[in-house]
Amino acid sequence: MTRPVNPPTKYPYFYLPDGWDSAWKAAKASAPTTPCWITMFGDSIFNGHGTASSYLKTVPELLIAQILAATGSPRYADYWSTVCGPPYLGPADHPWGAMQNGASPSHWEAGFHKAQYTSYVAGGIFQRFTAPYACTAMDIIYVDWQAGVSGWSYSIDGGAAVLISNTGGGTPATTTVKKISISGLANTTHTIDFLQTSSATAMILGVSTYAGTKGIGMARMNCDGAASTEMTAATNYPADRCRLHMGVVPQSDAGTGKTFGFPHGPSLLILGLLANNATAGEPGTDLEQMYNRLISAVRSLSPNCSVLLHIPSYPYSVTSDCSTTYLNQEAVRIYENEIYNVARYHGCAVLNTNWRWGQTPFGSGFLPNTDLHPKDAGHADMAATMATVL
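These lines cover the structure that appears in this document, whether it is placed above or below. Because the structure is a prediction, the values reported are computed rather than measured.

## Quick word on the environment of S183
Then, in step 1: Mapped onto the secondary structure, S183 falls in the loop between β10 (176-182) and β11 (191-196).
Then, in step 2: On the basis of relative accessibility, which here comes to 60%, the residue S183 falls in the exposed class.
Then, in step 3: In this structure the C-alpha to C-alpha distance between S183 and D139, which are 44 residues apart in sequence, comes to 8.5 Å.
Then, in step 4: Those residues in contact with S183 that lie beyond four places of it in its chain are T136 and A137.

Here it is as structure tokens:
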């Protein structure tokens, strides 16, 4: 299929259909009294995997900072995926700290994005989350997948451990995403220590931090290794993970009500998959199918949610100044076309960073010579370019 004709625009690397951002504009205008948020759903390219000097210099942080400054809006809340910090080569100063006491994490296709999977460690604490700003409320969001002998625990600011008992049955049908809401905290920074007290599995999706009751927030669902196939495979937990983005309660295959709340229900969705699809050689139709389902689910909860699709730089070694021959680089254009097909069908915008950076991403200082993950300058350029249309 061919790329749709680009509407007239002064930005040749953008596809901007009329009205694509109407929901986002309305939400921004109401932010002084009504909270709204952006959801970024992508892979390690947005996370600063191995190449960004600080999490503050990655796309999500730079973008939300620019939007808050431009609008004068207060910060509402932030959601922080577990699968983006130091254990996955994310920046060392990330709110999610390094693993402790010999814990060995992995990630799994469970919940509304990849979940961190950690089995029992004798030392107790296996990871700490540190809120990056003063907050009075926090949420812990986890996947209740399989029951254990006792359970896992969390501790706020070094206080008494709170035991959580898993009750799932280890099947897609018995898997549920759950939220633990913690309120009434002093208006200062806080830590959450995660501990395990038995052979139970601790499968944490992320933590939400609330700075206030109005303004603009950011939900970071960017996960190391994320690809579209994991959201559509039959082995998912629960089976239909895209459907969870409708905010259903319970967050399972049996959920019906749409009352889960933050981080579901954004006014702006930024989708940034492609690289792991390409390196794995997955069919281009998988990416299009997953994007169609995810956008439809989000808009079921947040009607006409504005959507920006991002195409990352994926250099062609034959003609670019990057020396590495990336896997399946000849097929990347297939994925690009699938993304434009989704944009045409759903009225989404597209930022094509592959087009914008062209054949000199290394010489321009955006990419290392042998790595797809952008350097600080690349993150700054992606965020600033997105901000021009947000």
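That shown, we press on.
## Some details on the packing of helix α4 (residues 284-301) against helix α5 (residues 332-346)
Then, in step 1: Viewed as axis vectors pointing N to C, α4 and α5 meet at an angle of 30°, and their least axial separation amounts to 9 Å. Our classification of the angle between α4 and α5 gives roughly parallel. Two packed elements cross with a definite hand, and for α4 against α5 that hand is right-handed. Contacts between α4 and α5 involve G284, T285, L287, E288, Y291, N292, I295, S296 and R299 from the former and I334, Y335, E338, I339, N341, V342, Y345 and H346 from the latter.
Then, in step 2: Along the lines of polarity and charge, the residues of the contact of α4 with α5 split into eight nonpolar, six polar and three charged.

## Describing the sheet that holds β11
Sheets are built from strands paired through backbone hydrogen bonds, the pairs being either parallel or antiparallel.
Then, in step 1: Taking strand neighbours across the sheet as the criterion, the four strands line up as β6-β11-β8-β9 in an open arrangement whose pairing is antiparallel. The open sheet has two edge strands, β6 (125-130) and β9 (162-164), and neither has a second partner. For this sheet the average axis-to-axis angle between neighbouring strands, irrespective of direction, equals 25°.
Then, in step 2: Looking at chain direction, β6 and β11 are connected through five bridges and run antiparallel. Looking across to β11, one finds that Q127 is bridged to F194.

## Thoughts on unusual backbone geometry
Then, in step 1: A cis amide bond links Y237 with the next residue in sequence, P238, at an omega value of -10°.
Then, in step 2: If you trace the backbone, P238 turns up in the loop between β13 (216-220) and β14 (268-272).
Then, in step 3: Note that the residue after V249, namely P250, is joined by a cis bond; omega there is -5°.
Then, in step 4: Even without being glycine, L89 reaches a positive phi, approximately 65°.
Then, in step 5: Here L89 shows up in the loop between β3 (75-81) and β4 (106-108).

## Structural notes on the packing of helix α2 (residues 59-71) against helix α7 (residues 376-387)
Then, in step 1: Across the interface, α2 lies against α7 with an axial gap of 9 Å and an inter-helix angle of 40°. Considering only the axes of α2 and α7, their crossing is right-handed. Where α2 approaches α7, its residues V59, L62, L63 and Q66 are matched on the opposing element by H379, A380, M382, A383, A384, M386 and A387.

## Observations concerning the pairing of strand β15 (residues 306-311)
Then, in step 1: Burial runs high along β15: six of the six residues are buried.
Then, in step 2: Both faces of β15 are covered, namely the face carrying S306, L308 and H310 and the face carrying V307, L309 and I311.
Then, in step 3: In this sheet, β15 lies alongside β14 in parallel orientation, the contact comprising four bridges. Within β15, the position partnered with L269 by the bridge is V307.
Then, in step 4: As judged from the four bridges shared by β15 and strand β16 (residues 349-352), these two strands associate in the parallel manner. Considered in β16, the bridge of H310 is made with L351.

## Overview of the pairing of β13
Then, in step 1: The buried fraction of β13 amounts to five of the five residues, a majority that puts the element mostly inside the structure.
Then, in step 2: Note that strand β2 (residues 36-42) and β13 share five bridges and pair parallel. Residue C36 lies in a different strand from β13, and its bridge partner there is I216.
Then, in step 3: For β3 and β13, the ladder comprises four bridges, and the chain directions are parallel. Bridge pairing in β13 links W80 to R220.

About the cut-offs
Residues numbered from 1 in each chain as written. Predicted model: local features only at pLDDT ≥ 70, side-chain atom pairs only at ≥ 80, totals over all residues. Heavy atoms only, no water. Helix = DSSP H or I, 4+ residues; strand = E, 2+ residues; numbered from the N terminus. Buried < 20%, exposed > 50% of the residue type's maximum accessible area, 1.4 Å probe, protein only. Contact = heavy atoms within 4.5 Å. Axes fitted to C-alpha atoms, helices over the stretch in contact; angles between N-to-C directions. Parallel < 35°, antiparallel > 145°, perpendicular 65-115°, else oblique. Left-handed = near helix turned anticlockwise from the far one by under 90°. Nonpolar A, V, L, I, M, F, W, Y, C, P; charged D, E, K, R; others polar. Pairing = 2+ DSSP bridges.

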